[in-house]
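Below, each chain spelled out in residue letters.
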Amino acid sequence: EAQVTQNPRYLITVTGKKLTVTCSQNMNHEYMSWYRQDPGLGLRQIYYSMNVEVTDKGDVPEGYKVSRKEKRNFPLILESPSPNQTSLYFCASSHRDSANGYTFGSGTRLTVV
Amino acid sequence: AQSVSQHNHHVILSEAASLELGCNYSYGGTVNLFWYVQYPGQHLQLLLKYFSGDPLVKGIKGFEAEFIKSKFSFNLRKPSVQWSDTAEYFCAAGSARQLTFGSGTQLTVLP
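Here the residue numbers are simple positions, counted from 1 along each chain's written sequence. Labels follow written order: the first chain is A, the first ligand is 1, and so on. Under the rules for a predicted model, residues below a pLDDT of 70 receive no local features and side-chain atom pairs below 80 are neither given nor counted, while totals for whole chains, interfaces and linings still include all residues. Water and hydrogen atoms were dropped before computing side-chain values, which therefore reflect all heavy atoms in the structure.

### Details of the pairing of strand E5 (residues 32–38) of chain B
Residue and element names in this part refer to chain B. When accessible area is computed with a 1.4 Å probe and restricted to protein chains, residues below 20% of their type maximum are described as buried, those above 50% as exposed, and intermediate ones as partly exposed. Think of it this way: any DSSP run of H or I at least four residues long counts as a helix, any run of E at least two long counts as a strand, and we number them from the N terminus. Of all seven residues that make up E5, seven are buried, and the element is covered over most of its length. Where burial is concerned, the two faces of E5 agree: the one with Asn 32, Phe 34, Tyr 36 and Gln 38 and the one with Leu 33, Trp 35 and Val 37 are both buried. We call two strands paired when DSSP finds no fewer than two bridges between them. Pairing of E5 with strand E10 (residues 87–94) involves seven bridges; the strand directions are antiparallel. By the bridge assignment for E10, Asn 32 is matched with Gly 94. Inspection of the sheet shows E5 paired to strand E6 (residues 44–50) by six bridges, in the antiparallel sense. By the bridge assignment for E6, Leu 33 is matched with Tyr 50.

Okay, here's the thing in structure tokens:
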């Protein structure tokens, strides 16, 4: 089944403790993105990647890192999480021509206390 | 900078009522437009998309949208809503590289 898999689904952590949210897609998509969803703000892009070793900042990249060492994986790294990073995170992937739009993962609900 | 506006934050309808959700975009150059739906506790799913051609596009579950270039709008419509359409709806504009989302419209359909 074609899908984007994120882990974990839920995560509670403390301020400053490094964490990684994994994302993997099995559709051989070139493009991958991370979004955060906050009430009243919709989805805002954190980082995106156009292919292996090619990443760039989205609209809200501060406090986040990403890497794209393999085409299928696009982990999101929070080196020192803070409470304002409490949010719902979605990974998404797409073919270069976005003919079928983005395929989204199931989301990761992160709480930073 | 590109932006997408959804002016209805929460819409409440009775079953069988007609639906129209507004979406306006600001985007330089050729734009791809999308509507996504997010059912409670689930991820976003693509409802329909517009790239070019016929400005009236049909999607899944009986939804359709009309692209009006002169108004920079891409409104979502459904002639008769069902209780199962209760969800949050997001309009988006852009490309695979950068897709900009609106703030979403929560649709509640009363049985």
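Now that the structure has been shown, the text picks up again.
### What to know about the interface of chain A and chain B
Two residues qualify as a contact provided that any one of their heavy atoms is within 4.5 Å of a heavy atom in the partner residue. Opposite the 28 residues of chain A that make contact, chain B presents 21 residues. The buried area of a pairing is the accessible area, by a 1.4 Å probe, that goes missing from both parts when the two are put together, added over both. When chain A packs against chain B, close to 1700 Å² is buried across both sides, 55% of that on carbon and sulfur atoms. Of all residues in chain A, Leu43(A), Tyr102(A) and Phe104(A) bury the most surface against chain B, accounting for 29% of the area lost on that side. Pairs of N or O atoms are called polar contacts if they sit within 3.5 Å, as long as, within protein, a hydrogen donor faces a hydrogen acceptor (for residues adjacent in sequence, only side-chain-to-side-chain pairs). Counting every contact that joins chain A to chain B gives five residue pairs in polar contact (both at pLDDT 80 or more). When residues of the side of chain A that touches chain B are traced back to their parent elements, those giving at least two are strand E4 (31–38), strand E5 (42–51) and strand E9 (87–94) of chain A. Broken down by element, the residue count for the side of chain A that touches chain B peaks at five residues, all from E5(A).

### Some remarks on the state of the cysteines
A pair of sulfur atoms, both from cysteines and within 2.5 Å, is called a disulfide here. A full pass over the atoms with the stated rule returns two disulfides over all chains. A sulfur-sulfur separation of 1.9 Å characterises the disulfide bridge that pairs Cys23(A) with Cys91(A). Taking the torsion about the sulfur-sulfur bond, which here is approximately -75°, the covalent link between Cys23(A) and Cys91(A) counts as left-handed. Of the two residues, Cys23(A) is situated in strand E3 (residues 19–25) and Cys91(A) in strand E9; the sequence distance between them amounts to 68 residues. Of the residues examined, Cys23(A) reaches a relative accessible area of 2% and is grouped as buried. For Cys23(B), the disulfide goes to Cys91(B), at an S-S distance of 1.9 Å. On the sign convention where negative is left-handed, the bridge of Cys23(B) and Cys91(B), at about -65° about the S-S bond, is left-handed.

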